[in-house]
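Coordinate inspection notes
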Amino acid sequence: MDDKPQTVCLRYYGISPWEIEVIYNLFNGKFSIIQEETEQNKESFVSALTIDIPLQFSEEFFKWFEFKAWEKVKSIIKEMKRRRGKGNAIMAELLFTGNPNVRFVIDLNENHNFNSAVEKIDFVVELLPYHLNEDNIPNDLSEVLYKYDIESGKWKLNHVWTGLKNSVGRKKFILTKKGWEIIT
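All of the points below concern the structure found in this document. All values reported here derive from a predicted model rather than from experimental measurement.

Assigned secondary structure in the protein consists of 5 helices and 9 strands. Over its C-alpha atoms the protein spans a radius of gyration of 16 Å, differing by no more than 12% from the 16 Å that the globule rule assigns to 184 residues. Across its three principal directions, the C-alpha atoms of the protein cover 45 × 40 × 30 Å. Taken across its 184 residues, the protein has 46% of its residues classed as buried. Excluding contacts between residues fewer than 6 apart, the proportion of contacts in the protein whose partners are at least 24 apart in sequence is 60%. Surface accessibility of the protein: about 10300 Å² in total, with carbon and sulfur atoms responsible for 48%.

Here we come to unusual backbone geometry. A cis amide bond links asparagine 99 to the next residue, proline 100, at an omega of 0°. With respect to the helices and strands, proline 100 occurs in the loop between strand 4 (90-96) and strand 5 (101-106). With a phi angle near 85°, glutamate 66 is a residue other than glycine that sits in the positive phi range. Within the secondary structure, glutamate 66 sits in the loop between helix 2 (59-65) and helix 3 (67-84). By relative accessible area, which is 46% here, glutamate 66 ends up partly exposed. Of note, the phi angle at aspartate 140 is positive, near 55°, even though the residue is not glycine. Relative to the assigned elements, aspartate 140 resides in the loop between helix 5 (124-131) and strand 6 (141-149). Assessed through its relative accessible area of 68%, aspartate 140 is described here as exposed.

Moving on, we come to the packing of aromatic side chains. Following the criterion strictly, the structure yields 20 aromatic pairs and no others. Seen in terms of ring centroids, phenylalanine 61 and phenylalanine 65 are 5.4 Å apart; in terms of plane orientation they differ by 15°. Their pairing is stacked. One end of the pair, phenylalanine 61, and the other, phenylalanine 65, are both in helix 2, 4 residues apart, so they sit about a helical turn from each other. Each member of the pair, phenylalanine 61 as well as phenylalanine 65, carries the same accessibility label: buried. The exposure class of phenylalanine 61 is buried, given its relative accessible area of 0%. The cationic tip of lysine 30 hangs over the ring face of tryptophan 64; the distance from NZ or CZ to the ring centre is 4.9 Å.

This part covers the pattern of salt bridges. As enumerated under the stated definition, the model contains 15 salt bridges in all. A salt bridge links arginine 82 to glutamate 79, with the shortest nitrogen-to-oxygen separation between them at 2.7 Å. Separated by 3 residues within a single helix, arginine 82 and glutamate 79 lie in helix 3, roughly one turn from each other. With relative accessibility at 52%, the residue arginine 82 sits in the exposed group. In this structure glutamate 79 comes out as partly exposed when scored by relative accessible area, which is 24%. Across the pair arginine 170 and glutamate 143 runs a salt bridge, and its minimum N-O distance is 3.6 Å. Of this pair, arginine 170 sits in the loop between strand 7 (154-162) and strand 8 (171-176) while glutamate 143 sits in strand 6, placing them 27 residues apart in sequence. In this pair, the class of arginine 170 matches that of glutamate 143, namely buried. Among the ionic contacts, a cluster of salt bridges with common partners joins Glu71, Lys74, Lys78, Glu119 and Asp122.

Moving on, we come to the packing of helix 1 (residues 17-28) against helix 3. Viewed as axis vectors pointing N to C, helix 1 and helix 3 meet at an angle of 170°, and their least axial separation amounts to 10 Å. Judged by the angle between their axes, helix 1 and helix 3 are roughly antiparallel. Where helix 1 abuts helix 3, its residues Trp18, Glu19, Val22, Ile23, Leu26 and Phe27 lie against Lys72, Val73, Ile76, Met80, Arg83 and Arg84. Residues of the contact of helix 1 with helix 3, tallied by class, amount to 8 nonpolar, no polar and 4 charged.

Thresholds, definitions, all that
Residues numbered from 1 in each chain as written. Predicted model: local features only at pLDDT ≥ 70, side-chain atom pairs only at ≥ 80, totals over all residues. Heavy atoms only, no water. Helix = DSSP H or I, 4+ residues; strand = E, 2+ residues; numbered from the N terminus. Rg over C-alpha atoms; globule rule 2.2 N^0.38 Å. Buried < 20%, exposed > 50% of the residue type's maximum accessible area, 1.4 Å probe, protein only. Contact = heavy atoms within 4.5 Å. Areas by Shrake-Rupley, 256 points an atom, 1.4 Å probe, with all protein chains shown as cover. Phe/Tyr/Trp six-rings, centres within 6.5 Å; stacked < 30°, edge-to-face > 60°. Lys NZ or Arg CZ within 6 Å of the ring centre and 35° of its normal. Salt bridge = Lys/Arg side-chain N within 4 Å of Asp/Glu carboxyl O. Axes fitted to C-alpha atoms, helices over the stretch in contact; angles between N-to-C directions. Parallel < 35°, antiparallel > 145°, perpendicular 65-115°, else oblique. Nonpolar A, V, L, I, M, F, W, Y, C, P; charged D, E, K, R; others polar.

Shown next, in the form of structure tokens:
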């Protein structure tokens, strides 16, 4: 990875100063950090945390960031859910900037499902090349969104975008039983 420190952006609301300090310290050794406390924008959630990581979602990232540090990130996210209890207490979102951007949204009610989703994020590294190499997936992907499927206990591609964000040619696709269908 680059010697020049890249910037991780932490956007959040309803997160305690202790929790954000722990997260800050986990990333501070490898990145410079921007923190942004936002207004509650997800009305059904008491708390929300978005972590924008300016690196490609890949095995190289996890080696560079170090397994032990990544385990600590997962632990604090799970602890935040445990402290808030069942229901729509917290939504966590992780965005890895790359080609394409890879976004994980964890917004599950039950602690067990939430924890399982957090634990399995790094498993997607092995599957991503296969997911992005499907025959019917749109070309020129700019972003992919993963949502955790409770029934299968796996992360699944939910939406994909082509084109640059905020550009006229940007298109959003959703996976249906018939394949990828454009929705915007």
